[in-house]
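Each chain, written out:
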Amino acid sequence: MLQMKDCNDDILSCMAEAPLFANLPKSVRAFLATALNVRIKACEAAEIVWHECDPADRIVCVLSGRLHVYECGLKDADRHLVRTLRAGEVYGATFPVLDLKTSPGMLVAAEAMRILVCDVACVRQLIHAERCPAFVTNLYAAAARQGFNAWRKVALLGCYEIADRVLLHLQGRVEEGDRAPVGVAELVAYLGVNRTSFYRAVAKLQKAGRVSVSGGKVSLTIPG
(Lines give C-alpha, C1' and ligand atoms only; values in the text may rest on other atoms or scores of the structure.)
Protein backbone atom coordinates (compact mmCIF):
# COMPACT_ATOMS: atom_id res chain seq x y z
CA MET A 1 0.00 0.00 0.00
CA LEU A 2 1.44 3.38 -0.98
CA GLN A 3 1.70 5.81 1.91
CA MET A 4 0.39 9.38 1.80
CA LYS A 5 3.82 10.93 2.33
CA ASP A 6 5.21 9.03 -0.66
CA CYS A 7 2.48 9.65 -3.22
CA ASN A 8 0.58 12.80 -2.27
CA ASP A 9 0.62 14.15 -5.83
CA ASP A 10 -0.46 10.79 -7.25
CA ILE A 11 -3.33 10.56 -4.79
CA LEU A 12 -4.59 14.07 -5.53
CA SER A 13 -4.34 13.41 -9.26
CA CYS A 14 -6.32 10.17 -8.94
CA MET A 15 -8.91 11.85 -6.74
CA ALA A 16 -9.41 14.49 -9.43
CA GLU A 17 -10.30 11.73 -11.93
CA ALA A 18 -12.64 9.81 -9.59
CA PRO A 19 -16.39 10.67 -9.68
CA LEU A 20 -16.44 10.26 -5.89
CA PHE A 21 -14.36 13.45 -5.66
CA ALA A 22 -15.74 15.19 -8.77
CA ASN A 23 -16.23 18.97 -8.87
CA LEU A 24 -14.13 19.56 -5.76
CA PRO A 25 -11.41 22.25 -5.64
CA LYS A 26 -7.85 20.99 -5.23
CA SER A 27 -7.71 22.46 -1.72
CA VAL A 28 -10.78 20.43 -0.72
CA ARG A 29 -9.35 17.26 -2.25
CA ALA A 30 -6.12 17.86 -0.31
CA PHE A 31 -8.12 18.21 2.91
CA LEU A 32 -10.12 15.04 2.18
CA ALA A 33 -6.99 13.07 1.29
CA THR A 34 -5.84 13.53 4.88
CA ALA A 35 -9.23 13.60 6.62
CA LEU A 36 -10.37 10.34 5.00
CA ASN A 37 -6.94 8.63 5.10
CA VAL A 38 -7.02 8.19 1.32
CA ARG A 39 -4.48 5.79 -0.17
CA ILE A 40 -3.90 3.92 -3.41
CA LYS A 41 -3.48 0.17 -3.81
CA ALA A 42 -2.19 -1.68 -6.86
CA CYS A 43 -3.73 -5.14 -7.31
CA GLU A 44 -2.66 -8.12 -9.38
CA ALA A 45 -5.06 -10.15 -11.51
CA ALA A 46 -7.06 -12.65 -9.42
CA GLU A 47 -5.91 -10.99 -6.18
CA ILE A 48 -8.50 -11.04 -3.39
CA VAL A 49 -8.83 -7.38 -2.50
CA TRP A 50 -11.37 -7.86 0.24
CA HIS A 51 -12.44 -11.09 1.97
CA GLU A 52 -16.06 -11.47 3.06
CA CYS A 53 -14.93 -11.77 6.68
CA ASP A 54 -13.04 -8.46 6.59
CA PRO A 55 -14.46 -5.49 8.52
CA ALA A 56 -16.69 -3.14 6.51
CA ASP A 57 -14.33 -0.29 7.30
CA ARG A 58 -13.33 0.89 3.83
CA ILE A 59 -14.79 2.47 0.74
CA VAL A 60 -13.17 1.39 -2.52
CA CYS A 61 -13.17 3.41 -5.75
CA VAL A 62 -11.86 1.73 -8.91
CA LEU A 63 -9.23 3.83 -10.67
CA SER A 64 -8.36 1.41 -13.48
CA GLY A 65 -9.14 -2.17 -14.46
CA ARG A 66 -12.12 -4.24 -13.31
CA LEU A 67 -13.14 -5.45 -9.88
CA HIS A 68 -15.46 -8.45 -9.38
CA VAL A 69 -17.87 -8.35 -6.44
CA TYR A 70 -18.92 -11.81 -5.29
CA GLU A 71 -21.76 -12.75 -2.96
CA CYS A 72 -20.60 -14.64 0.11
CA GLY A 73 -21.11 -18.41 -0.05
CA LEU A 74 -20.29 -21.39 2.12
CA LYS A 75 -17.99 -22.75 -0.60
CA ASP A 76 -15.96 -21.09 -3.35
CA ALA A 77 -18.15 -22.83 -5.93
CA ASP A 78 -21.23 -21.23 -4.37
CA ARG A 79 -19.99 -17.68 -4.83
CA HIS A 80 -22.17 -15.69 -7.19
CA LEU A 81 -20.90 -12.73 -9.24
CA VAL A 82 -22.95 -9.74 -8.11
CA ARG A 83 -21.32 -6.95 -10.07
CA THR A 84 -18.21 -6.04 -12.05
CA LEU A 85 -17.00 -2.58 -11.12
CA ARG A 86 -15.09 -0.50 -13.64
CA ALA A 87 -13.12 2.74 -13.45
CA GLY A 88 -15.00 5.34 -11.43
CA GLU A 89 -17.36 2.91 -9.70
CA VAL A 90 -17.51 2.51 -5.94
CA TYR A 91 -17.93 -0.33 -3.46
CA GLY A 92 -19.02 0.42 0.09
CA ALA A 93 -20.72 3.78 -0.49
CA THR A 94 -23.55 2.72 1.85
CA PHE A 95 -21.26 1.55 4.66
CA PRO A 96 -21.11 4.92 6.52
CA VAL A 97 -24.88 4.85 7.13
CA LEU A 98 -25.52 1.08 7.36
CA ASP A 99 -22.96 0.53 10.13
CA LEU A 100 -22.14 -2.99 8.94
CA LYS A 101 -19.61 -5.04 10.89
CA THR A 102 -18.24 -7.10 7.98
CA SER A 103 -18.26 -6.81 4.22
CA PRO A 104 -21.30 -8.43 2.57
CA GLY A 105 -19.19 -9.46 -0.42
CA MET A 106 -15.76 -10.55 -1.58
CA LEU A 107 -13.79 -8.37 -4.00
CA VAL A 108 -11.45 -9.96 -6.55
CA ALA A 109 -9.36 -8.12 -9.14
CA ALA A 110 -10.40 -9.28 -12.60
CA GLU A 111 -7.10 -7.97 -13.99
CA ALA A 112 -4.16 -5.85 -12.90
CA MET A 113 -5.72 -2.71 -11.52
CA ARG A 114 -5.54 0.22 -9.10
CA ILE A 115 -8.03 1.23 -6.45
CA LEU A 116 -8.43 4.22 -4.20
CA VAL A 117 -9.34 3.45 -0.58
CA CYS A 118 -10.67 5.64 2.24
CA ASP A 119 -11.83 4.85 5.77
CA VAL A 120 -15.53 4.51 6.59
CA ALA A 121 -15.07 5.86 10.12
CA CYS A 122 -13.51 9.03 8.73
CA VAL A 123 -16.31 9.45 6.21
CA ARG A 124 -18.88 8.97 8.96
CA GLN A 125 -17.21 11.69 11.05
CA LEU A 126 -17.23 14.02 8.04
CA ILE A 127 -20.96 13.45 7.50
CA HIS A 128 -21.81 14.00 11.17
CA ALA A 129 -19.74 17.20 11.20
CA GLU A 130 -21.59 18.40 8.06
CA ARG A 131 -18.31 19.05 6.29
CA CYS A 132 -17.74 19.01 2.49
CA PRO A 133 -21.39 18.70 1.35
CA ALA A 134 -20.28 18.31 -2.30
CA PHE A 135 -18.33 15.15 -1.42
CA VAL A 136 -21.26 13.79 0.62
CA THR A 137 -23.52 14.39 -2.39
CA ASN A 138 -21.12 12.41 -4.58
CA LEU A 139 -21.09 9.62 -2.00
CA TYR A 140 -24.90 9.46 -1.89
CA ALA A 141 -24.98 9.40 -5.69
CA ALA A 142 -22.63 6.40 -5.63
CA ALA A 143 -24.86 4.72 -3.03
CA ALA A 144 -27.94 5.38 -5.16
CA ARG A 145 -26.20 3.87 -8.18
CA GLN A 146 -25.31 0.82 -6.10
CA GLY A 147 -28.97 0.43 -5.13
CA PHE A 148 -30.11 0.83 -8.73
CA ASN A 149 -27.67 -1.83 -9.90
CA ALA A 150 -28.97 -4.18 -7.19
CA TRP A 151 -32.54 -3.57 -8.38
CA ARG A 152 -31.50 -4.24 -11.98
CA LYS A 153 -29.87 -7.52 -10.92
CA VAL A 154 -33.07 -8.63 -9.16
CA ALA A 155 -35.08 -7.79 -12.29
CA LEU A 156 -32.62 -9.74 -14.42
CA LEU A 157 -32.78 -12.84 -12.23
CA GLY A 158 -36.56 -12.65 -12.44
CA CYS A 159 -36.39 -13.42 -16.18
CA TYR A 160 -37.15 -17.08 -16.82
CA GLU A 161 -35.55 -17.19 -20.28
CA ILE A 162 -31.76 -17.04 -20.40
CA ALA A 163 -31.93 -15.07 -23.65
CA ASP A 164 -33.93 -12.37 -21.86
CA ARG A 165 -31.32 -12.18 -19.11
CA VAL A 166 -28.56 -11.77 -21.69
CA LEU A 167 -30.39 -9.01 -23.55
CA LEU A 168 -31.45 -7.16 -20.40
CA HIS A 169 -27.91 -7.14 -19.05
CA LEU A 170 -26.29 -6.05 -22.32
CA GLN A 171 -28.93 -3.36 -22.89
CA GLY A 172 -28.34 -2.05 -19.39
CA ARG A 173 -24.61 -1.77 -20.07
CA VAL A 174 -25.25 0.12 -23.31
CA GLU A 175 -27.58 2.52 -21.48
CA GLU A 176 -24.71 3.23 -19.10
CA GLY A 177 -22.45 4.00 -22.07
CA ASP A 178 -20.52 0.72 -22.00
CA ARG A 179 -20.67 -1.07 -25.36
CA ALA A 180 -17.56 -3.19 -24.79
CA PRO A 181 -18.05 -6.94 -25.40
CA VAL A 182 -18.41 -9.08 -22.28
CA GLY A 183 -16.52 -12.32 -21.73
CA VAL A 184 -18.56 -15.52 -21.67
CA ALA A 185 -17.22 -16.57 -18.26
CA GLU A 186 -18.21 -13.24 -16.72
CA LEU A 187 -21.67 -13.35 -18.30
CA VAL A 188 -22.34 -16.91 -17.15
CA ALA A 189 -21.29 -16.07 -13.61
CA TYR A 190 -23.28 -12.83 -13.48
CA LEU A 191 -26.44 -14.25 -15.01
CA GLY A 192 -26.31 -17.34 -12.78
CA VAL A 193 -26.90 -19.81 -15.60
CA ASN A 194 -25.54 -23.12 -16.88
CA ARG A 195 -22.82 -22.63 -19.51
CA THR A 196 -24.35 -25.09 -21.98
CA SER A 197 -27.77 -23.47 -21.70
CA PHE A 198 -26.12 -20.08 -22.07
CA TYR A 199 -24.45 -21.08 -25.34
CA ARG A 200 -27.77 -22.33 -26.71
CA ALA A 201 -29.51 -19.08 -25.85
CA VAL A 202 -26.73 -16.93 -27.29
CA ALA A 203 -26.68 -19.00 -30.51
CA LYS A 204 -30.38 -18.23 -31.01
CA LEU A 205 -29.83 -14.54 -30.30
CA GLN A 206 -26.91 -14.45 -32.71
CA LYS A 207 -28.99 -16.13 -35.42
CA ALA A 208 -31.71 -13.53 -34.86
CA GLY A 209 -29.16 -10.74 -35.17
CA ARG A 210 -29.61 -9.55 -31.58
CA VAL A 211 -26.05 -10.16 -30.39
CA SER A 212 -22.57 -10.63 -31.83
CA VAL A 213 -20.04 -13.20 -30.63
CA SER A 214 -16.33 -12.88 -31.26
CA GLY A 215 -13.23 -14.07 -29.42
CA GLY A 216 -15.20 -15.58 -26.57
CA LYS A 217 -17.03 -12.30 -25.92
CA VAL A 218 -20.63 -11.25 -26.48
CA SER A 219 -21.93 -7.80 -27.39
CA LEU A 220 -25.31 -6.33 -28.18
CA THR A 221 -25.98 -5.68 -31.88
CA ILE A 222 -26.69 -1.97 -32.24
CA PRO A 223 -28.90 -1.11 -35.25
CA GLY A 224 -27.40 1.37 -37.68
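This is a predicted model, so every value here is computed, not measured.

Peer 1: Tell me what's going on with a nonpolar patch on the surface, and back it up with residues and numbers.
Peer 2: A surface patch of nonpolar side chains, about 370 Å² in accessible area, is lined by Val97, Leu98, Leu100 and Tyr140. Along the chain, Leu100 turns up in the loop between helix H3 (95-98) and strand S7 (105-109).

Peer 1: I'd like to hear about the sheet that holds strand S6 (residues 90-91), residue by residue, with values.
Peer 2: Taking strand neighbours across the sheet as the criterion, the 4 strands line up as S1-S8-S3-S6 in an open arrangement whose pairing is antiparallel. This sheet does not close on itself; its edge strands, each paired only once, are strand S1 (39-43) and S6. Pairing geometry for S1 and strand S8 (residues 113-119), over 5 bridges, is antiparallel. Its bridge partner being in S8, Cys43 is matched across the sheet by Met113.

Peer 1: Any details on the packing of helix H7 (residues 184-191) against helix H8 (residues 195-207)? Residues and values, ideally.
Peer 2: At their nearest, the axes of H7 and H8 sit 10 Å apart, and the two run at 110 degrees to each other. Considered as vectors, H7 and H8 are oriented roughly perpendicular to each other. Contact with H7, carried on its side by Val184, Ala185, Leu187, Val188 and Leu191, involves Arg195, Phe198 and Tyr199 of H8 and no other residues of that element. Grouping the constituent residues of the contact of H7 with H8 by class yields 7 nonpolar, no polar and 1 charged.

Peer 1: So what about the sheet that holds strand S11 (residues 217-220)? Which residues, and what values?
Peer 2: One open sheet holds the 3 strands; their spatial order is S9-S11-S10, and the pairing between them is antiparallel. Of all the strands in the sheet, the pair left with one neighbour each is strand S9 (182-183) and strand S10 (211-214). Sheet topology places S9 next to S11; 2 bridges connect them, and they run antiparallel. If you follow Gly183 over to S11, its bridge partner there is Lys217. Lying on the sheet, H8 is in contact with S10 and S11; it crosses S10 at an angle near 120 degrees.

Peer 1: Just give me the short version of helix H5 (residues 133-157), but keep the residues and values in it.
Peer 2: Residues lying three or four places apart along an α-helix face the same way, a consequence of the helix completing one turn every 3.6 residues. Between its first and last C-alpha atoms H5 spans 36 Å; for 25 residues at 1.5 Å apiece the expected length is 36 Å, and the two agree. All of the buried residues along H5 are Phe135, Val136, Asn138, Leu139, Ala142, Ala143, Asn149, Arg152, Lys153 and Leu156.

Peer 1: Provide a residue-level description of helix H6 (residues 162-175), including the pertinent values.
Peer 2: Across its 14 residues, H6 extends 20 Å between first and last C-alpha, which sits within 8% of the 20 Å expected from 1.5 Å per residue. Looking only at H6, the buried set comprises Ile162, Arg165, Val166, Leu167, His169, Leu170, Gly172 and Arg173. Tucked into the core, H6 has its buried residues touching H5, S9, H7, H8, S10 and S11. At the exit of H6 stands Gly177, carrying a positive phi of roughly 90 degrees.

Peer 1: Let's hear about the packing of aromatic side chains: which residues, and what values?
Peer 2: Tallied over the entire structure, the rule returns 6 aromatic pairs. With a centroid separation of 6.0 Å and 90 degrees between ring planes, the pair formed by Trp50 and Phe95 is classed as edge-to-face. Here Phe95 lies in helix H3 and Trp50 lies in strand S2 (residues 48-50), a separation of 45 residues in the sequence. What makes Trp50 buried here is its relative accessible area of 0%. Classification of Phe95 as buried rests on a relative accessible area of 2%. An aromatic cluster of three or more residues is present, and its members are Trp50, Tyr91 and Phe95. The ring of Tyr190 carries Lys153 above its face, with NZ or CZ at 4.1 Å from the centroid.

Parameters and conventions
- Once a new chain begins, its residue numbering starts again from 1 and follows that chain's sequence as written.
- Totals for whole chains, interfaces and linings use every residue, but because this is a predicted model, local features are given only for residues with pLDDT of at least 70 and side-chain atom pairs only at 80 or more, for both listing and counting.
- Side-chain numbers come from the whole structure's heavy atoms, not from hydrogens or water.
- In this analysis, a patch consists of residues with relative accessible area above 30% that form no salt bridge, clustered at 9 Å for like charges and at 5 Å for the nonpolar side chains Val, Leu, Ile, Met, Phe, Trp and Tyr.
- The method behind every accessible area is Shrake-Rupley, applied with a 1.4 Å probe, and residues are considered shielded solely by the protein chains displayed.
- By convention in these notes, a salt bridge is any Lys or Arg side-chain nitrogen within 4 Å of a carboxyl oxygen on Asp or Glu.
- Comment: elements are numbered from the N terminus, with helices defined as DSSP H or I runs of at least four residues and strands as E runs of at least two.
- Paired strands, in this sense, are two strands between which DSSP finds at least two bridges.
- The axes are straight lines fitted to the C-alpha atoms, using for helices just the contacting stretch, and the angles between their N-to-C directions are given from 0 to 180°.
- Any angle that is under 35 degrees is reported as roughly parallel, and any over 145 degrees as roughly antiparallel; angles of 65 to 115 degrees are reported as roughly perpendicular and all others as oblique.
- We call two residues contacting when some pair of their heavy atoms lies within 4.5 Å.
- Three classes are used, and their members are as follows: Ala, Val, Leu, Ile, Met, Phe, Trp, Tyr, Cys and Pro are nonpolar, Asp, Glu, Lys and Arg are charged, and the others, Gly among them, are polar.
- The span one expects for a helix is its residue count, reduced by one, times 1.5 Å.
- Only protein chains enter the accessibility calculation, which uses a 1.4 Å probe. A residue is then buried if its area is under 20% of the maximum for its type, exposed if over 50%, and partly exposed in between.
- Note on aromatic contacts: the rings of Phe and Tyr and the six-membered ring of Trp form a pair at centre separations within 6.5 Å, being stacked when their planes are under 30 degrees apart, edge-to-face when over 60 apart, and tilted otherwise.
- Working rule: Lys NZ or Arg CZ, within 6 Å of ring centre, within 35 degrees of ring normal, means a charge sits over the ring.

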